[in-house]
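Remarks on the overall topology
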Amino acid sequence: MKKYEVVAAIIVYENQILCMQRPKGKYEYVSYKYEFPGGKVELGESKVEALQRELQEEMDINITVKDEDFFMTVDHTYPDFEIIMHSYICRVDNKKFVRKEHVDHKWLRADELEELDWAAADIPIVRRLEEKNHA
Ligand SMILES: Nc1nc2c([nH]c(=O)n2[C@H]2C[C@H](O)[C@@H](COP(=O)(O)OP(=O)(O)OP(=O)(O)O)O2)c(=O)[nH]1
């Protein structure tokens, strides 16, 4: 089974988190699911480089991500492939971005995240964000 290394950004503006809805794709189990923006790490790239590239490509967001912004890693096996996904907290000072690939987006508080239909791999991240919010 193919295994991909994926990076994802938890974009935070004040007390809101950016949730992006994927378009229809090859696999129904990730089509139209909400996710944290990002994508696959390419050969020769570091994780933060990959995340900065993906945010630029899919949203025109120019952001510096640092290793210390790391939040958590999730390993998830879908029916056709496995992903190991590293998430990073990215605080932003405005809500500007261009939605180039996603079909919808929502800015939600941590306690509202579970209302959405997330990609299965994202559930542990959503749960931990929820928990931290109560801490
Ligand atoms: N970016 C991102 N991908 C996620 C999340 N959750 C999740 O299961 N994924 C999956 C969906 C994709 O299979 C993979 C990310 O790769 P991608 O978005 O670059 O891939 P893709 O298959 O849409 O596109 P591509 O390889 O054809 O360019 O990880 C998430 O929160 N963010």
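This structure is a prediction, so every number in the text was calculated from the model and none was measured.

Thoughts on the UniProt feature "domain: Nudix hydrolase" (unreviewed entry) in the protein chain
Mapped onto this structure's residue numbering, the UniProt feature "domain: Nudix hydrolase" (unreviewed entry) falls at residues 2-131. As annotated, residues 2-131 comprises 17% helix and 36% strand, and the C-alpha atoms at either end are separated by 32 Å.

Looking at the site of the ligand
Taken together, 15 residues are adjacent to the ligand, and Arg22, Phe36, Lys40, Tyr78 and Asp122 come closest. Measuring from a nitrogen atom of the ligand, one finds a backbone N or O atom of Gly39 at 3.5 Å. Interatomic distance of 2.4 Å between a side-chain N/O atom of Asp122 and an oxygen atom of the ligand. Relative to its free-state accessible area of 610 Å², the ligand is covered by the protein chains to the extent of 71%. The set of elements that each furnish at least two residues to the shell around the ligand consists of β1 (2-13), β4 (38-40) and β6 (81-91). By residue class, the composition of the shell around the ligand is 9 nonpolar, 2 polar and 4 charged.

Quick word on the packing of aromatic side chains
With the rule as written, the count across this model stands at 10 aromatic pairs. Centroid distance Tyr27 to Tyr29: 5.4 Å. Interplanar angle 20 degrees. Geometry classified as stacked. Judged by relative accessible area, which is 24%, Tyr27 ranks as partly exposed. You can call Tyr29 buried: its relative accessible area is 15%. Where Phe70 meets Tyr88, the ring centres are 5.8 Å apart and the plane angle is 75 degrees; that geometry is what we call edge-to-face. You can see Phe70 sitting in strand β5 (residues 70-77) and its partner Tyr88 sitting in strand β6, a full 18 residues away along the chain. By relative accessible area, Phe70 is classed as partly exposed at 40%.

Observations concerning the pattern of salt bridges
Enumeration over the complete set of coordinates arrives at 13 salt bridges. Residue Glu82 pairs with Lys3 through a salt bridge whose shortest N-O separation is 3.7 Å. Of the two residues, Glu82 sits in strand β6 while Lys3 sits in strand β1, which places them 79 residues apart along the sequence. The exposed category is assigned to Lys3, whose relative accessible area is 53%. Among the ionic pairs, Asp60 bridges to Lys100, the shortest N-O distance being 2.8 Å. Placement of the pair is Asp60 in the loop between α1 (47-59) and β5 and Lys100 in the loop between β6 and β7 (104-108), with a sequence separation of 40 residues. The class for Asp60 is partly exposed, based on a relative accessible area of 38%. The network of salt bridges with common partners includes Glu42, Glu45, Arg53, Glu54 and Glu57.

Quick look at the nonpolar core
Of all hydrophobic cores here, the largest spans 27 residues; its most connected members are Phe36 and Ile125. Among the elements that line this core, the one with the most residues is β1, at 4 residues. In this structure Ile125 touches Ile10, Phe36, Phe71, Met72, Val74, Met85 and Ser87, once residues within four positions along its chain are discounted. Judged by nonpolar contacts, the second largest core, of 20 residues, contains Val7, Ile11, Val41 and Phe97.

Rules used in this analysis
- Counting starts from 1 at the beginning of each chain's written sequence and moves along it residue by residue.
- Residues qualify for local features only when their pLDDT is at least 70, as the model is predicted, and side-chain atom pairs are given and counted only at 80 or more; totals for whole chains, interfaces and linings, by contrast, use all residues.
- Values shown for side chains rest on all heavy atoms present in the structure; no hydrogens or waters enter the calculation.
- UniProt positions are given in the numbering used here, feature names are shortened, and annotations may be inferred rather than shown by experiment.
- The helix count covers DSSP runs of H or I at least four residues long, the strand count covers runs of E at least two residues long, and both are numbered beginning at the N terminus.
- The nearness test applies per residue and asks whether one of its heavy atoms lies within 4 Å of the molecule or strand.
- Whenever a nitrogen or oxygen atom comes within 3.5 Å of another N or O atom, the pair is scored as a polar contact, on the condition that within protein one atom can donate a hydrogen and the other can accept it, and that pairs from neighbouring residues in sequence are kept only if both atoms are in side chains.
- Exposure was quantified through the Shrake-Rupley algorithm and a 1.4 Å probe, taking into account, for residues, occlusion by the shown protein chains and nothing else.
- The classification used treats Ala, Val, Leu, Ile, Met, Phe, Trp, Tyr, Cys and Pro as nonpolar, Asp, Glu, Lys and Arg as charged, and all other residues, Gly among them, as polar.
- Aromatic contacts are taken between Phe, Tyr and Trp rings whose centres are within 6.5 Å, Trp giving its six-membered ring; a plane angle under 30 degrees counts as stacked, one over 60 as edge-to-face, and the others as tilted.
- A 1.4 Å probe rolled over the protein chains alone gives each residue an accessible area, and that area as a share of the maximum for its type sets the label: buried under 20%, exposed over 50%, partly exposed in between.
- The salt bridge definition used is simple: a Lys or Arg side-chain nitrogen within 4 Å of an Asp or Glu carboxyl oxygen.
- The term nonpolar core refers to a set of buried residues drawn from Ala, Val, Leu, Ile, Met, Phe, Trp, Tyr and Cys, joined through side-chain atoms within 4.5 Å.
- Any two residues having at least one pair of non-hydrogen atoms within 4.5 Å are treated as being in contact.

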